[in-house]
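Commentary on secondary and tertiary structure
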Amino acid sequence: MTQPIEVDTARVLADLTTLRHIGAFKSGVHRPTFSDAHIQSLDWLRRRMTEAGLAHETDGIGNVYGWSATPGPKLLAGSHLESQNEAGWLDGPLGVVYALEAARVLNGRSDVKGGVDVVAWCDEEGHFAPLLGSRSYIGGVTEEEIDSARDRTSGRSLREVLQATGLATTPRLLARPDRHVGYLEAHIEQGDTLERSGIDIGVVTAIVGIWQYEITFQGQQNHAGTTSMAARKDAGLALARFCVEIDDRFPVVAGARTVWTTGRIELEPGAPSIIPGAARMLFQVRDTDPEVVARLEAVLHDRAAVATARGPCSVAVKRLRVGKPAAMHQTIQDAVERASHLVGASTLAMPSGAGHDAQMLATVMPAGMLFVPSIGGISHQWTENTSDTDIATGARAFVNACALVLRGQSDI
Ligand SMILES: [Zn+2]
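Residues numbered from 1 in each chain as written. Predicted model: local features only at pLDDT ≥ 70, side-chain atom pairs only at ≥ 80, totals over all residues. Heavy atoms only, no water.

Details of the overall build of the protein
Along the backbone of the protein there are twelve helices and 17 strands. Over its C-alpha atoms the protein spans a radius of gyration of 24 Å, differing by no more than 12% from the 22 Å that the globule rule assigns to 412 residues. Taking the principal axes of its C-alpha atoms as reference, the protein extends roughly 80 × 45 × 40 Å. Per-residue burial for the protein yields a buried fraction of 54% across its 412 residues. When the 38 basic and 48 acidic side-chain charges of the protein are each reduced to a single mean position, those positions are 3 Å apart. (Helix = DSSP H or I, 4+ residues; strand = E, 2+ residues; numbered from the N terminus. Rg over C-alpha atoms; globule rule 2.2 N^0.38 Å. Buried < 20%, exposed > 50% of the residue type's maximum accessible area, 1.4 Å probe, protein only. Lys, Arg positive; Asp, Glu negative; His and termini not counted. Charge placed at Lys NZ, Arg CZ, Asp CG, Glu CD.)

Pasting the structure below:
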């Protein structure tokens, strides 16, 4: 393929703009899962699917699929339509609209083997549970989880919401590896790597895993006025020192894109006139390489042992969660790269620091992702944006990548 397939980028921008007005909030959207605005956006999608010749189907967790009637192998493509609260207009919809455009352009073309199925996964943003729809599709959601899931903002139960939306008795669909040769998802980068490097398209190599730790500090609770500085066993101070040690030592053994965050600190009892007797921090590491994280974990344990030996407080590190990085399939990465170059776009191979539905799909079929730049790297906020030019370039690269995957599907 030497000439790129033409894409109607004006239609892509018009569709995204329509979605931007459904649940508009300032220059972004407020479209939480199963809100009126979210349901309206799914209705819009079903109409668009019908116009595109796709047979739409909604499953029992709220995933909306558009099945292609084109004979031959199918590529599954999509993302999500709900948003974080008071968030951006492109996080999710970009991938759904690109997928729709790929179906409109490629399905039925004689020079493309097979067709594109479109999907909008429900609740990627985890209002009820993280990656709910795509996780359900790979068989990772139990009925018990649905029983206990509640909207984190309103407290409404998921069962009640499924009842209200008429999905309570609709079956949940499971992945069909016999139908799909792979999954491709486009997304805004949500960071500033592409913008800073002046690159048009990110070829996602892997989605990071998230490791979580609880680090506890044991000292002696005492009076803040009568206890001399020398006699204190201040667990809060021990915690602060530990944070500084992490920041000093992690860069030496971390990978180029490892990130770490102390997301929560608790002091006991946490009163102005009491020396904290205990302290606790929730600590998170994200990386695509478990070996890098193993090195960082060794640093944590080593520094905890040293601090405990030195005193006056003891330090304990407990791992709460093991990360599961998801590698993107090499053939799909190659297709995204080649398609981008075909449409004159520059590319950068990069990991995703954020979670995406593609990480679920990667466990059951070859999966890949394409990123477009985010202005100022801002996301999960209503000012999130991408230039029209970058959106158009991304659409052309995405549709052509879908064509390449379908043409070369025997290699996957
Ligand atoms: Zn997203």
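Focus on the coordination of the zinc ion
Looking at the zinc ion, the protein donor atoms are His 80 (NE2), Asp 91 (OD) and His 187 (NE2), and they sit 2.0 to 2.2 Å from it. Here the donor residues of the zinc ion share one chain and are spaced in sequence as H-x10-D-x95-H. You can see His 80 sitting in strand 5 (residues 74-80) and its partner His 187 sitting in strand 7 (residues 180-188), a full 107 residues away along the chain. Look at His 187 and you get buried, because its relative accessible area is 1%. (Donors = N, O, S within 2.8 Å, 3.2 Å for Na, K, Ca; no water.)

Section: the environment of Arg 249
In this structure, Arg 249 sits in helix 8 (residues 235-253). In this structure the C-alpha to C-alpha distance between Arg 249 and Leu 300, which are 51 residues apart in sequence, comes to 9.4 Å.

What about the sheet that holds strand 11 (residues 259-268)?
What the four strands build is an open sheet, ordered 11-13-9-14; its pairing is antiparallel. Edge positions in the sheet fall to strand 11 and strand 14 (314-321), since each of these pairs with one other strand and no more. Within this sheet the neighbouring strands show an average axis-to-axis angle of 20 degrees, counted without direction. As paired elements, strand 11 and strand 13 (residues 278-287) share nine bridges and run antiparallel to each other. Across the sheet, residue Leu 267 finds its bridge partner in strand 13, namely Ala 279. Each of strand 9 (209-218), strand 11, strand 13 and strand 14 is contacted by helix 8, which is oriented at about 20 degrees to strand 13, the strand it contacts most. Sheet strands touched by helix 9 (residues 290-310): strand 9, strand 13 and strand 14. Its angle to strand 14, the strand with the most contacts, is close to 155 degrees. (Pairing = 2+ DSSP bridges. Axes fitted to C-alpha atoms, helices over the stretch in contact; angles between N-to-C directions. Contact = heavy atoms within 4.5 Å.)

Here's the deal with the nonpolar core
Counting residues in each nonpolar core, the largest one holds 60 residues, and the members touching the most others are Leu 45, Leu 94, Tyr 98, Leu 106, Ile 391 and Phe 398. Top element by residues in this core is helix 12 (residues 388-407). It accounts for eleven residues. In contact with Leu 94, other than residues within four places in its own chain, are Leu 16, Ala 186, His 187, Ile 188, Val 372 and Ile 391. Counting 25 residues, the second largest nonpolar core, distinct from the first, contains Ile 215, Ala 279, Val 292 and Val 317. (Core = buried A, V, L, I, M, F, W, Y, C linked by side-chain atoms within 4.5 Å.)

Quick notes on helix 1 (residues 9-20)
Within an α-helix, residues lying three or four positions from one another point in the same direction, as the helix has 3.6 residues per turn. For helix 1, spanning twelve residues, the distance from its first C-alpha to its last is 16 Å, which sits close to the expected 16 Å at 1.5 Å a residue. Every buried residue of helix 1 is listed here: Val 12, Leu 13, Asp 15, Leu 16 and Leu 19. All buried residues of helix 1 fall inside an arc of 160 degrees around its axis, so they share one side. In the core, the buried residues of helix 1 are packed alongside strand 2 (28-29), helix 2 (36-51), helix 3 (93-106) and helix 12. (Expected span 1.5 Å × (residues − 1). Arc of directions from axis to C-beta.)

Describing the pattern of salt bridges
Counted under the stated rule, the structure contains 25 salt bridges. In this structure, Glu 101 engages Arg 104 in a salt bridge whose closest nitrogen and oxygen atoms are separated by 3.0 Å. Of this pair, Glu 101 and Arg 104 both sit in helix 3, three residues apart, roughly one helical turn. The residues Glu 101 and Arg 104 share a single accessibility class, namely buried. (Salt bridge = Lys/Arg side-chain N within 4 Å of Asp/Glu carboxyl O.)

Concerning the environment of Ala 224
Relative to the helices and strands, Ala 224 is located in the loop between strand 10 (222-223) and helix 8. Spatially, the C-alpha atoms of Ala 224 and Ala 305 are 27 Å apart, while their sequence positions differ by 81 residues. Sequence-distant contacts of Ala 224, that is, excluding residues within four places in its chain, are made with Arg 232, Pro 272, Ser 273, Ile 274 and Ile 275.

Observations regarding the pairing of strand 7
Each regular strand carries side chains that alternate between the two faces of the sheet. Most of strand 7 sits inside the fold, with nine of its nine residues counted as buried. Summarising the sheet, strand 5 and strand 7 pair through four bridges and their orientation is parallel. When the sheet's bridge partners are listed, Leu 76 is paired in strand 7 with Tyr 183. Where strand 7 meets strand 17 (residues 367-372), six bridges bridge the pair, whose relative direction is parallel. Pairing of His 187 across the sheet is with Phe 371, part of strand 17.

Here we look at the packing of aromatic side chains
Tallied over the full model, the rule gives ten aromatic pairs. On the numbers, 5.0 Å between centres and 10 degrees between planes, the contact of Tyr 65 with Trp 67 is stacked. In terms of burial, Tyr 65 and Trp 67 fall into one category: buried. Both rings, one in Phe 250 and one in Trp 260, keep their centres 5.1 Å apart while their planes meet at 75 degrees; by these two values the pair is edge-to-face. (Phe/Tyr/Trp six-rings, centres within 6.5 Å; stacked < 30°, edge-to-face > 60°.)

Section: the packing of helix 2 against helix 3
When two helices pack together, their arrangement is given by the angle between the helix axes and by the axis-to-axis distance. At a closest axis distance of 10 Å, the pairing of helix 2 and helix 3 adopts a crossing angle of 15 degrees. If you check the angle between helix 2 and helix 3, you find them roughly parallel. Of the two possible hands of crossing, helix 2 and helix 3 adopt the one that is right-handed. Residue-level contacts link Trp 44, Leu 45, Arg 48 and Met 49 of helix 2 to Val 96, Val 97, Leu 100 and Arg 104 of helix 3. Here the residues of the contact of helix 2 with helix 3 are counted per class, giving six nonpolar, no polar and two charged. (Parallel < 35°, antiparallel > 145°, perpendicular 65-115°, else oblique. Left-handed = near helix turned anticlockwise from the far one by under 90°. Nonpolar A, V, L, I, M, F, W, Y, C, P; charged D, E, K, R; others polar.)

Points about the side chain of Arg 232
With respect to the helices, strands and loops of the structure, Arg 232 is situated in the loop between strand 10 and helix 8. The side chain of Arg 232 sits in the buried core without any salt bridge; Asp 234 is the nearest counter-charge, 5.0 Å away. Among the polar contacts made by the side chain of Arg 232, one reaches the main-chain carbonyl oxygen of Thr 227 at a distance of 3.1 Å. (Polar contact = N/O pair within 3.5 Å; in protein donor to acceptor, adjacent residues only side chain to side chain.)

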